[in-house]
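# Secondary and tertiary structure notes
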Amino acid sequence: MSDVQGGPGALFAIGGAEDKLKKRLVLQEFVEAAGGPKARIVVVPTASALGPDVVDVYHALFAALGAASVVGVRPENREDADDPAFIAPLNDATGIFMTGGNQLKLAGVVTGTAFGRAVTAAHARGAAVGGTSAGASILAEHMIAFGRSGATPRQRMSQLSNGLGLVQGAIVDQHFAQRNRYGRLLSLVAQSPGLLGIGVDEDTAAVFRGSHLEVVGRGAVTIFDGSRITSNAHYAARSEPILASGVVLHVLPATATFDLQARVLLSYGKQPPPAEIAEMQAAEADLRKLAKEIAAEGVSPKYYAERKRREGRRTAQTGSSKRATRAAAAGESRPEATEPITAGAELNHPDSPQPDSGHA
């Protein structure tokens, strides 16, 4: 069984072309979600047209990032996907990673088979499940099988296929900004306004944890919310532009967190540690108190006069202390014990110098 416990695992929809040479931030996040040094990762290269090399690449990457073990499992057809020998490695996996390639092939082999059900079961018990490019699209219940690029949404611009259904209520597209896939995703939202359109840039991951989406990587995640859309998708002719008015657009860079149920931005930017937040709140309280004092000083002559009186008393006390020190140093006699020394007494003597009001 998996070492990852505590409910469903994280889902990583990576937009493709993730950094494999330098920081490897997206892949590092996946390894950590899969258990870090205890991670047992299964690489599924079914969508790829490459041979064993693709597994070798990810084996080297995940091992270098600290995973305990990495194995490749490649069902090539639905018969393989129902074979217990292909399914067995998934039962012990803490992370499952599907490579890029032909997403229609991936859907045709995996969905509705014992292999697909084993991936879903692994996620339910806590394993991190992710994929890049085609491997990202299949995470949703409805996946884009293929389609045309372009900024303008048009009728029949793309075609859907069944996915694994791990991401509910959304369609995930990849290589989003790099291949100009705004139009095809928007056309699908216009045709199915209940679904969120989620477009993921290259070297970027939309990380799903429960009902929240977090963004990791150097690009952005674009979200189309068509819940209030006005569209002519139900009668637009073949290849015609589709009306899409009232769509809410969210472009989320790294560190942004989005609520998929409420469809609102939750936070963005680096969050300070709790101790720093408490210190900031205390400073804010002090600042508000000072602001009230400043405001009162401007509108209340009585408050202003009291402040001046207190400042004058402090100035007098300071002057008296300095004179006493100079007298002691010069060897002057001290006053008789019957003569009380009263703070500010020199202010009441007619011959005593008054403090300079310019310093109050």
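This one's a predicted model, so the numbers in the text were calculated from it and none came from an experiment.

What counts as what
- Residues numbered from 1 in each chain as written.
- Predicted model: local features only at pLDDT ≥ 70, side-chain atom pairs only at ≥ 80, totals over all residues.
- Heavy atoms only, no water.
- Helix = DSSP H or I, 4+ residues; strand = E, 2+ residues; numbered from the N terminus.
- Buried < 20%, exposed > 50% of the residue type's maximum accessible area, 1.4 Å probe, protein only.
- Contact = heavy atoms within 4.5 Å.
- Areas by Shrake-Rupley, 256 points an atom, 1.4 Å probe, with all protein chains shown as cover.
- Pairing = 2+ DSSP bridges.
- Axes fitted to C-alpha atoms, helices over the stretch in contact; angles between N-to-C directions.
- Arc of directions from axis to C-beta.
- Salt bridge = Lys/Arg side-chain N within 4 Å of Asp/Glu carboxyl O.
- Polar contact = N/O pair within 3.5 Å; in protein donor to acceptor, adjacent residues only side chain to side chain.

### Section: the overall build of the protein chain
Regarding its fold elements, the protein chain presents 10 helices and 17 strands. Counting all 360 residues of the protein chain, 42% fall into the buried class. Looking at the protein chain alone, contacts between residues at least 24 apart form 73% of all its contacts between residues at least 6 apart. Accessible surface, the protein chain as shown: approximately 19000 Å² in total, 54% of it carbon and sulfur.

### Some thoughts on the sheet that holds strand S8 (residues 170–174)
The 4 strands lie next to each other as S8-S9-S12-S15, forming an open sheet whose pairing is mixed. What marks the edges here is a single partner per strand, and that holds for S8 and strand S15 (248–253). Across this sheet, the average inter-strand angle for adjacent strands is 15°, counted without regard to direction. Strand direction decides the pairing type here: strand S9 (residues 196–200) and strand S12 (residues 220–225), joined by 4 bridges, are antiparallel. Note on S12: the bridge partner recorded for Val200 is Val221. Together, S8, S9 and S12 form the strand contacts of helix H8 (residues 182–191), whose direction differs from that of S9 by roughly 165°.

### Notes on helix H1 (residues 25–33)
Where H1 is concerned, the buried positions are Val26, Leu27, Phe30 and Val31. Down the axis of H1, the smallest arc covering the buried residues is 135°, so these residues share one side. Once H1 ends, the next one or two residues include Gly35, with phi positive near 120°.

### Considerations on the pattern of salt bridges
Enumeration according to the criterion identifies 9 salt bridges in this entry. A salt bridge links Arg40 to Asp92; its shortest N-O distance comes to 3.1 Å. Of the two residues, Arg40 sits in strand S2 (residues 40–44) while Asp92 sits in the loop between helix H4 (84–87) and strand S4 (95–98), which places them 52 residues apart along the sequence. For Asp92, a relative accessible area of 34% puts it in the partly exposed group. Put simply, Glu214 and Arg209 hold a salt bridge, and the shortest N to O gap is 2.8 Å. Residue classification places Glu214 among the partly exposed residues on the basis of a relative accessible area of 25%.

### Details of the side chain of Thr111
Of note, Thr111 is situated in the loop between helix H5 (103–110) and helix H6 (114–124). Of the polar contacts made by the side chain of Thr111, one reaches the backbone oxygen of Ala107; its length is 2.5 Å. Filtering out sequence-adjacent residues up to four positions away, Thr111 remains in contact with Arg78, Leu106, Ile138, Asn162, Gly163 and Leu164.

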